[in-house]
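Observations on the model geometry
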Amino acid sequence: MEIKGLTKIFDNTVNAVNDVSFGIERGSFFTLLGPSGSGKSTILRMIGGLEKPTKGKVFIGGREVTALPPYERDTSMVFQSLALFPHLTVAGNIAFGLRMRKVPKEAIQKRVDEALDLVELPHRKYGRRKITQLSGGERQRVALARALVTEPRVLLLDEPFGALDLKLRKQMQVETKKLQARLGITFIFVTHDQEEALTMSNVIGVINKGRVEQMGNSKEIYERPATRFVAGFIGEANILKGTIDRVEDGSAFMKTGEVAVRVVGETVVAGEEIFLSIRPEKVRIGTDAGACENVFEGTVLDEVYIGLASRLTVQLDVGPKLVANLQISDIGHTVPVGTRIQVGWNSTNAVVIKT
Amino acid sequence: MATRPADQARQTPTQKPKETALVSLGKRIARATRGAGQLRLFLILISPTFWLLLFLVVPLFFVALYGFAWYDESYILQIWPFDPSNYQDAISIAPDAIVIPLLLRTFGMAALTTIVSLALGYVMAYYIARVAKEKWRGLLMGLVVIPFWVSFVVRIYAVFPFTAEESFVHTGLNSWGLGVLSDLILGFFELGTGQMVVFTLMYVWLPFMILPLFASLSKVDPILLEAAYDLGASRWRAFLHVTLPLTYPAMIVGSILVFITSVGAFIEPDMVGGGAWQFIGNYVQTQFSFTGGLPQASASALFIIVVTVLLISAYRKYAELEEEGETEVRSRVIGPLLAFLKKRLGIGKASEPSAIATDGGEPVAAPALRASHHETPIKKAAWERALDVVAERAGKYLLGAATAIMLLMFFVPLIIVAVFSFNSIDSVVTFGGFSLDWWLGRPDRDGLFEDEVALSSIFYSFVIAGLSSLLAVLFGMLAAFAITRYTFRIRGLLRTLMYLGLVIPSLVMGVSLAILIRFLNFYMLGPLSLGYGFPTPIQWEFGLASVVVGHTTFNIPLATLVLIISFREFDRTLEEAAMNLGADEMTTFFRVTLPNIMPGIISAILLGFTFSFDELPVTLFLAGGGVVTMPMFIYGLISKKIITPRVNAASTIVLLLSLVFIAVMTRMGRRGGQLFRI
Ligand SMILES: Nc1ncnc2c1ncn2[C@@H]1O[C@H](COP(=O)(O)OP(=O)(O)O)[C@@H](O)[C@H]1O
Ligand SMILES: [Mg+2]
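Read on for an overview of the structure. This structure is a prediction, so every number in the text was calculated from the model and none was measured.

This paragraph deals with the overall build of chain B. Within chain B one finds 30 helices and two strands. In chain B, the share of contacts with a sequence separation of at least 24, taken over all contacts with a separation of at least 6, comes to 74%. As presented, chain B carries roughly 32100 Å² of accessible surface, and 67% of it is formed by carbon and sulfur atoms.

Here it is as structure tokens:
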């Protein structure tokens, strides 16, 4: 599955998708992650043939399908609103794609039952039910079964769990991931939820304003964000802007304001303008900080309790503010606002970003 | 915090606002029935239920009863002992039988009308709801509805110029070298032909079909169609398997409305069909209007009643099952029907399963789905692909053109009617120049405004429409209040009464009410008054009162429906807030509830007014000798063949009134349209 230079301009003005290219290996779980309105759905719909690209090409299994109508493509879509047919039963919904393919009646019944088994809905109980008589989670499963029963090469899922509550959502995430691993069908999954993307995907493509910002697996995306957008959108990050002062023995020094900060020097040259991304959980505090390569004094401006940790905002004496996570090992441990404190980090825990 | 003077004033019990008599009566009743919910409900329900039972349902039984009536030697109508001969005649299939052949023709023509209306209505509703740009939708729907508010007598009259060879329409077409088109139009629009009758019925009642279809088609989520495409359906099949089934209920509603109305039609066939295309309604009317024909009229009218009641009950059953989410209704009702049609017409092979039986059989063990053995991509048949391309490229133009032609057919004739009321010569088909003679008159020519009958008909129309719409809103408000606020045992009955009142053919309503009044006069008012020593029997004469009763009866269901919507939309927490702030129930109703549902009340009054103003069939049966309304005046001139531009002038007044109505309704927002939301 591959797309090349895909571009979509709505009404001659809205550039929803801008020159997007990527290839997806057969059988992988690929996620398009991006904020709302970034063009994810549009990309997905162009792959499925529901939207005609303004420019660019779509290949499925090595065959170009750009001009083909949706019903001649080997893709199936799970819609954000699920789009289950209210006039049909559960079985009727699942059978729909098979009926359109003129599969014989007996075969349809068998495959509908299989599909219901696949999504763990007992078919004796659910087959004849009306869509309106199902709970949110059950509808979700029916939508999945309906898309899978035609055995597509590529399954497209557009924020399918958007309407579920947190617990059900987690459960469906796990099950969907398992199902994908078992069936070996290529899944293209769209979400704006970074946690969902990180836990489910083999490969993530981060989309912003209709462009791909970065492609990679969860770890790469999280630990090596390529752009400021990715760093800020996935997890949280302190971003410092500066200019490389000098490079020596694999380390470099970035000047931000009046201070110099040690950064990893492999990819930078002197005089270059860069950004430095430091995750709050990589910032050390108090006595731990002393041993770090970059150490600063500061005053606690704010403390927010977030359960696993306390999030401190520290005003450094040298200028910038820094957000740091303080692990709470003992109940009752707090750092009152106004406390003088030392913060620091090692250069290997900070990521150099060029744009 | 200091209390402001206004607050103090409100807290002083002596400074209550003045109460009208109605409010204080209401308060007294409310106080008296506090804690007696049943009693209160009874008081609310009694008048609308009683009215509808007495003037809508009971008369139907009298129709059945009078089918058994007979005339004695002195030509006095007798009921007892029953004489079954009228019914025997009515169901006779002997070669000289009158009723059954008429009935068969009526049903056939009504069915044809329904099918044509369904096809055309679907095209128009589909175009407006799903193809036209969103910003045009409201306007287009308005254009469909506007003709609906013009009396159908006027609308039928408006088509006449197209049927006359000497009309400017045809001389014009010929002079532009479009003789072929002129011949085509003349060939089709020929008075006295069957196709003209079907066309007229379709033309007049098409909005009944379009309104529910439009509402239903607008609700079909486009994403469902995308899902169908995605699952392998071509445009054509997606329409067939998704859009169409989702609109079945609306198709049924529209078809029932058009069918019942056509079965009960008599003015339309009379105006355009000539003697050759009489409907059962024409027979009922002629029998009814000559002395001695009442039993035959009743016996044959019963057929129309039975068909109406059967169709409504079937529909109610269907709707109930639909509401309960009964899956199988559609496949049980419509599936077999389609399969039957398909078999008959020889299209398609086996019917497709609409639901898969899942009982029995061993549970399937491991899923057999594998990415490796996926279906080969679908290859569509060439014709299906071609159809899709046509649908995508040309579909919207074809549908748009059909819709535009229909809309032109709605409006051009009406405009022509208005223009010809200013004709200077005595012709409704050739224009001789502009003058106001047909309105104001001149020495040798009576203008509309010089004609006393015309002037009194305007007066009567206003009085009847005003009274009946006000009365109907009063009853409708009580009924709607009860239906939306209480659950009670006769709720189903009340709703059925409403449906009945909405769809029952005017012919039946008129005839049956007339029979009821005759019965009351003959068996009750007459003997009673004589028994109490009156010198002459007191009679309920046909006239203003009977017409108002008739009009109120068909206006109550309309008003109730509109007000049900208003009551439903009204946020009841406002009432709770008012009572929380110290207002009693009646005060809350008059100061909070009523002002909030006022738009609904005004819509209901306007709606009733217009319906009543345009009404003809019921009026014909109930008016007696003294009362002539606008549509009656026009119809009278046309059937007496006194067709001069004066008819156009009178029609123009009806037209103008409808326009005023529409303008007011548009001002008030979308409420007019909401009535037809199903
Ligand atoms: N049919 C359309 N017409 C015009 N603009 C559209 C249409 N569909 C999407 N857009 C615009 O394209 C952009 C991307 O939309 P979408 O792909 O739905 O984003 P996402 O799924 O990432 O939230 C948005 O700005 C949206 O407003
Ligand atoms: Mg989206």
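All names here are of chain A. In the vicinity of ligand 1, the residues found are F10, D11, A16, P35, S36, G37, S38, G39, K40, S41 and T42. Taking G39, its main chain carries an N or O atom lying 3.0 Å from an oxygen atom of ligand 1. Here an oxygen atom of ligand 1 sits 2.6 Å away from a polar atom, N or O, in the side chain of S41. Relative to its unbound accessible area of 560 Å², ligand 1 is 61% covered by the protein chains. For the shell around ligand 1, the residue count by class is three nonpolar, six polar and two charged.

Here we take up a nonpolar patch on the surface. Residues and elements named next belong to chain B. Together, L22, L25, I29, L39, F42, L43, I46 and F50 give the surface a local cluster of nonpolar side chains, amounting to about 750 Å² of exposed area. At the level of elements, α2 (21–32) and α3 (37–66) are the ones that each hand at least two residues to the nonpolar patch. By the element assignment, I46 lies in helix α3. The class of I46 is partly exposed, set by a relative accessible area of 35%.

What follows is about unusual backbone geometry. Omega for the bond connecting W80 of chain B with P81 of chain B falls within 30 degrees of zero, at -5 degrees, which places this linkage in the cis form. A positive phi is found at N12 of chain A, a non-glycine position, where the angle reads about 60 degrees. Looking at the secondary structure, you find N12 of chain A in the loop between β1 (2–10) and β2 (14–23). According to the relative accessible area criterion, N12 of chain A is exposed, its value standing at 75%. We note that D19 of chain A has phi near 50 degrees; this positive angle belongs to a residue other than glycine. Along the chain, D19 of chain A falls in strand β2.

By definition, the strands of a sheet pair up through backbone hydrogen bonds, in either a parallel or an antiparallel sense. Residues and elements named next belong to chain A. Strand order in this open sheet of six strands is β6-β7-β8-β3-β9-β10, and the pairing throughout is mixed. Taken across any chain shown, the strands that pair with only one partner, and hence form the sheet edges, are β6 (75–78) and β10 (211–216). Averaged over all pairs of adjacent strands, the angle between their axes in this sheet comes to 20 degrees, without regard to strand direction. Note: β6 against strand β7 (residues 154–158), four bridges, orientation parallel.

In this section: the packing of aromatic side chains. In the structure shown here, the tally under the stated rule is 51 aromatic pairs over all chains. Geometrically, the ring pair formed by F420 of chain B and F431 of chain B is edge-to-face, given 5.4 Å between the ring centres and 80 degrees between the ring planes. You can see F420 of chain B sitting in helix α19 (residues 395–420) and its partner F431 of chain B sitting in the loop between α19 and α20 (437–440), a full 11 residues away along the chain. Arranged with centres 5.8 Å apart and planes meeting at 25 degrees, the rings of F422 of chain B and W439 of chain B form a pair that is stacked. Linking F422 of chain B in the loop between α19 and α20 with W439 of chain B in helix α20, this pair joins segments that are 17 residues apart in sequence. Taking the relative accessible area as the measure of exposure, W439 of chain B reaches 9% and is therefore buried. In textbook terms, an aromatic cluster arises when at least three aromatic residues are bridged by ring pairs, as seen for F148, W149, F152, W205, F208, F611 and F661 of chain B. Here the guanidinium or amino end of R129 of chain A rests over the ring plane of Y126 of chain A, the centre of that ring lying 4.7 Å away.

Here helix α13 (residues 248–263) of chain B contains 16 residues, and its C-alpha end-to-end distance of 22 Å stays within 8% of the 22 Å for a straight helix at 1.5 Å per residue. For α13 of chain B, the buried fraction is high: 15 of the 16 residues fall into the buried class.

Residues and elements named next belong to chain A. Counting buried positions along strand β3 (residues 29–33) gives five out of five residues, so the element sits mostly inside the fold. The alternating pattern of β3 places F29, T31 and L33 and F30 and L32 on opposite faces, both of which are buried. As defined by bridge partners, β3 adjoins strand β8 (residues 186–191) across five bridges and the pair is classed as parallel. In the strand pairing of β8, F30 is matched with I188. With four bridges joining them, β3 and strand β9 (residues 203–208) adopt parallel strand pairing. If you follow T31 over to β9, its bridge partner there is I204.

Our next topic: the packing of α3 of chain B against helix α21 (residues 452–485) of chain B. All names here are of chain B. Packing of α3 against α21 brings their axes to within 9 Å, and their N-to-C directions diverge by 125 degrees. Relative to α21, the element α3 is oriented oblique. As for the relative orientation of α3 and α21, their crossing is left-handed in sense. Here L41, I44, L45, S47, P48 and W51 of α3 lie close against α21, whose contacting residues are F475, L478, A479, F481 and A482. Residues belonging to the contact of α3 with α21 are distributed by class as follows: 10 nonpolar, one polar and no charged.

Quick look at helix α15 (residues 280–289) of chain B now. For α15 of chain B, a buried count of seven out of 10 residues is recorded, marking the element as mostly surrounded by other parts of the structure. Among all positions in α15 of chain B, only I280, G281, N282, Y283, V284, Q287 and F288 of chain B are buried.

Within the fold, T652 of chain B resides in helix α29 (residues 645–667). Filtering out sequence-adjacent residues up to four positions away, T652 of chain B remains in contact with V417, A418, S421 and W439 of chain B.

For the rest of this paragraph, the subject is the sheet that holds strand β19 (residues 340–345) of chain A. With respect to topology, five strands assemble into an open sheet ordered β15-β19-β16-β17-β18 (chain A), the strand pairing being antiparallel. What marks the edges here is a single partner per strand, and that holds for β15 (284–285) and β18 (321–327) of chain A.

Cut-offs and rules
Numbers given to residues run from 1 along each chain, matching the order in which its sequence is written. In the order they appear in the text, chains get letters beginning with A and ligands get numbers beginning with 1. Whole-chain, interface and lining totals are the exception, using all residues; otherwise, since this is a predicted model, local features are given only for residues with pLDDT of at least 70 and side-chain atom pairs are given and counted only at 80 or more. As a rule here, side-chain values come from all non-hydrogen atoms in the structure, and water together with hydrogens is ignored. Put simply, DSSP marks the helices as runs of H or I at least four residues long and the strands as runs of E at least two long, and each gets a number from the N terminus on. Two residues form a contact once any of their heavy atoms are found within 4.5 Å. Surface exposure here means Shrake-Rupley accessible area, sampled with a 1.4 Å probe, where a residue is shielded only by the protein chains that are shown. For this description, a residue counts as near a given molecule or strand if any of its non-hydrogen atoms is within 4 Å of it. Pairs of N or O atoms are called polar contacts if they sit within 3.5 Å, as long as, within protein, a hydrogen donor faces a hydrogen acceptor (for residues adjacent in sequence, only side-chain-to-side-chain pairs). Residues are grouped as follows: nonpolar covers Ala, Val, Leu, Ile, Met, Phe, Trp, Tyr, Cys and Pro; charged covers Asp, Glu, Lys and Arg; every other residue, Gly included, is treated as polar. Exposure above 30% relative accessible area and the absence of a salt bridge qualify a residue for a patch, where like charges join within 9 Å and nonpolar side chains (Val, Leu, Ile, Met, Phe, Trp, Tyr) within 5 Å. Each reported salt bridge corresponds to a side-chain nitrogen of Lys or Arg within 4 Å of a carboxyl oxygen of Asp or Glu. Think of it in three bands: residues with accessible area under 20% of the maximum for their type are buried, residues over 50% are exposed, and the middle band is partly exposed, with areas taken using a 1.4 Å probe on protein chains only. Should DSSP find at least two bridges between two strands, the strands are regarded as paired. Lines are fitted to the C-alpha atoms to define the axes, a helix being fitted only along its stretch in contact, and any angle between axes, read from their N-to-C directions, falls within 0 to 180 degrees. Ring pairs are drawn from Phe, Tyr and Trp, using the six-membered ring of Trp, whenever the two centres fall within 6.5 Å, and their geometry is named by plane angle: stacked under 30 degrees, edge-to-face over 60, tilted for the rest. The criterion is that NZ of a Lys, or CZ of an Arg, lies within 6 Å of the ring centre and within 35 degrees of the ring normal, and then a charge sits over that ring. Take the residue count of a helix, subtract one, and multiply by 1.5 Å to get its expected span. Oblique is the label for any angle not under 35 degrees, not over 145, and not in the 65 to 115 range, which are roughly parallel, roughly antiparallel and roughly perpendicular in turn. Note: crossing handedness is left-handed where the near helix turns anticlockwise from the far helix by less than a right angle, and right-handed where it turns clockwise.

It is worth stressing that arrangement in space is one thing and function is another; only the former is reported here.
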